[in-house]
Amino acid sequence: NNFFNNSNLLSINFFIQKISNSPLIYVGIPYVNSANQIFSSNQILTNYDRIITVDSSRIAEMHYWNTTNCLETDPLRNFKKKIGVSYSAEISNTALFNCFVITQDGKYIISGAHWDNSFRCSQLDSSRLVQSIVKHKDIVTCIALATDGKTLITGSNDTTVLVWELNFRSSSVRIEGPLHILSGHNDSITCIAVSIDLDIVISGSKDGSCIIFNLKQGTYLRSIYHPFNQPIDLVLIANWGNIIFYSQQDLSLNMFSINGLHLKTVFTNERLINLIVSKRADFVILFCRDNTTIRRLHDLEVVAKLAIDIVSNKTTNDQLMKVNEIEPVCCTLSADEKVILIGLQDGKLLISQKLY
């Protein structure tokens, strides 16, 4: 059972845990081999043993579940080195979520949005810098890692998209490239999506367009445009080819075929913080401020709107929050589509109750 096939679900129970005194700008779950799955007795999280968070002060942490099913934060946090250099003031906290990826082994974090136009690879456990790359001529605004675990894509304010390859060695990793320089936009890149199966990269831009490129050859295929010429903020690819992008400007969700045919536009009337397609490519989940909306992928009709219900705190010294006090900054969905994690402006983490 998961969020996409539970038709009786009307709300989602969340627990709260304090992680940082600064806003959480990224939360993620690295890939874990199924042989290392852990199981929780009180239905919080069962098949991943680590959660990665990054706050606005550039502290990256790896949290583990203890025997009471609370996240253990790093005891050396106050002495931990920050990753990279300062973020550019041009990028908001909510947009920073697109500027991080974790390698599939969970050992490295790749970060962008740095003021010096670099993107950087750092060790997660020590924050030690592994590699710093400056190839873009402006701030790196978004990063994506393909499902093969080695194809890396970066987008920038310089209007270009670069394709890279991760080369894993016995004791480290090296980012090699760029293999391709993809161009065609007239304004900053805001979001990117990549599909190994379809062999495409899609970039969204402030210029109101998405460009589809061939991944292996690095060639231009076609452009698709927002029907009302609004900036693009989020983009995704379904595994059978439909492309969906969202604009904060008019709160619209737009769907196109991979061949560039405009299929549908709907107005969400809500500000989204993330957009994720289900593994079977039959639903799309929209993360909003105070709810999670599930829409059918083929027609974008609403299937369910799940309210956030905070049932308890993970720590006894935190005052229980009300839903209208929540200020989401980032969020993610576990690979099994059963756990939602939401990072908040006040440094707390919302952890959804596990579905069975």
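This text goes with the structure placed above it.
Residues numbered from 1 in each chain as written. Predicted model: local features only at pLDDT ≥ 70, side-chain atom pairs only at ≥ 80, totals over all residues. Heavy atoms only, no water.

**Observations regarding the side chain of Asp207**
- Relative to the elements of secondary structure, Asp207 occurs in the loop between β15 (200-205) and β16 (209-214).
- As a buried residue without a salt bridge, Asp207 has its nearest oppositely charged side chain in Lys206, at a separation of 11 Å.
- At 3.2 Å, the side chain of Asp207 forms a polar contact with the side chain of His185.
- Apart from the residues lying within four places of it in its own chain, the contact partners of Asp207 are His185, Asn186, Asp187 and Asn229. (Helix = DSSP H or I, 4+ residues; strand = E, 2+ residues; numbered from the N terminus. Buried < 20%, exposed > 50% of the residue type's maximum accessible area, 1.4 Å probe, protein only. Lys, Arg positive; Asp, Glu negative; His and termini not counted. Salt bridge = Lys/Arg side-chain N within 4 Å of Asp/Glu carboxyl O. Polar contact = N/O pair within 3.5 Å; in protein donor to acceptor, adjacent residues only side chain to side chain. Contact = heavy atoms within 4.5 Å.)

**Regarding the packing of aromatic side chains**
- This structure, assessed with the given rule, holds seven aromatic pairs.
- Both rings, one in Tyr87 and one in Phe100, keep their centres 6.1 Å apart while their planes meet at 90°; by these two values the pair is edge-to-face. Placement of the pair is Tyr87 in the loop between β5 (71-72) and α1 (93-96) and Phe100 in strand β6 (residues 100-102), with a sequence separation of 13 residues.
- Note on Tyr87: relative accessible area 14%, which makes it buried.
- Centre to centre, the rings of Phe119 and Trp164 are 5.1 Å apart; their planes meet at 65°, and the pair counts as edge-to-face. (Phe/Tyr/Trp six-rings, centres within 6.5 Å; stacked < 30°, edge-to-face > 60°.)

**Topic: the layout of surface pockets**
- Roughly 1800 Å³ of internal volume is contained in the largest pocket.
- As for the largest pocket, its lining consists of 47 residues, of which Leu145, Ala146, Thr147, Ile276 and Thr332 are closest to the centre.
- When residues of the lining of the largest pocket are traced back to their parent elements, those giving at least two are β2 (24-28), β6, β10 (140-145), β14 (189-195), β18 (234-237), β22 (274-277) and β26 (328-333).
- Considering every element that reaches the lining of the largest pocket, the biggest residue donor is β14, with five residues.
- Grouping the amino acids of the lining of the largest pocket by side-chain chemistry returns 32 nonpolar, eleven polar and four charged.
- One number sums up the size of the second largest pocket: a volume of about 500 Å³. (1 Å grid on protein atoms, 1.4 Å probe; cavity = no way out; pocket = protein on both sides within 12 Å on 5 of 7 lines; lining within 4 Å. Points joined across faces, edges and corners; volume = space filled by probe spheres on them. Nonpolar A, V, L, I, M, F, W, Y, C, P; charged D, E, K, R; others polar.)

**Quick word on the environment of Phe283**
- Among the structural elements, Phe283 can be located in strand β23 (residues 283-287).
- When the C-alpha positions of Phe283 and Leu300 are compared, they lie 8.3 Å apart, and in sequence the two are 17 residues distant.

**Considerations on the side chain of Ser127**
- Take Ser127: it is sitting in the loop between β8 (119-123) and β9 (129-133).
- Classification of Ser127 by relative accessible area gives buried; the value is 2%.
- Beyond its immediate sequence surroundings of up to four residues, Ser127 is in contact with Ala60, Lys80, Lys81, Lys82, Ile83 and Ser122.

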